[in-house]
Amino acid sequence: MDTGRMLPFDADVFEASGLRHVRVGQRVSVEVEPADPEDAGAHLTRLWLVGVGPGEPVR
């Protein structure tokens, strides 16, 4: 997160993203559960790059 907080995620979240790798420092879009990423139990449920994958047009 931009706050420096690291959020855990399962390998299937990365696999579902369609990405092969992410560079250190690369910005990604994420969905988090619960919605507050600062919640102690927060974890990623989806990650993607804008413009990569179905339904993600470059803006």
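For the structure itself, look to the data block above.
Residues numbered from 1 in each chain as written. Predicted model: local features only at pLDDT ≥ 70, side-chain atom pairs only at ≥ 80, totals over all residues. Heavy atoms only, no water.

(A) View of the overall build of the chain. The number of helices and strands found in the chain is one helix and two strands. Going through the 59 residues of the chain one by one, you find that 19% of them count as buried. Taking the contacts inside the chain whose residues are at least 6 apart along the sequence as the reference set, 39% of them involve residues at least 24 apart. Accessible surface, the chain: about 4600 Å² in total, of which carbon and sulfur atoms supply 54%. (Helix = DSSP H or I, 4+ residues; strand = E, 2+ residues; numbered from the N terminus. Buried < 20%, exposed > 50% of the residue type's maximum accessible area, 1.4 Å probe, protein only. Contact = heavy atoms within 4.5 Å. Areas by Shrake-Rupley, 256 points an atom, 1.4 Å probe, with all protein chains shown as cover.)

(B) Examining the packing of aromatic side chains more closely. Considering all chains together, one arrives at zero aromatic pairs under this definition. The positively charged end of Arg46 is found above the aromatic ring belonging to Trp48, 3.8 Å away from the centroid. (Phe/Tyr/Trp six-rings, centres within 6.5 Å; stacked < 30°, edge-to-face > 60°. Lys NZ or Arg CZ within 6 Å of the ring centre and 35° of its normal.)

(C) How the structure looks around the pattern of salt bridges. One pass over the full model with this rule turns up two salt bridges. Salt-bridge contacts for Asp2 lead to Arg27; the nearest nitrogen and oxygen are separated by 3.1 Å. With Asp2 in the segment before α1 (11-17) and Arg27 in the loop between α1 and β1 (29-33), this residue pair connects regions lying 25 residues apart in the sequence. With relative accessibility at 63%, the residue Arg27 sits in the exposed group. With its nearest N and O atoms 3.4 Å apart, the salt bridge here joins Arg46 to Glu31. Here Arg46, found in strand β2 (residues 43-48), pairs with Glu31, found in strand β1; they are 15 residues apart in sequence, far enough to count as distant. Look at Arg46 and you get partly exposed, because its relative accessible area is 32%. (Salt bridge = Lys/Arg side-chain N within 4 Å of Asp/Glu carboxyl O.)

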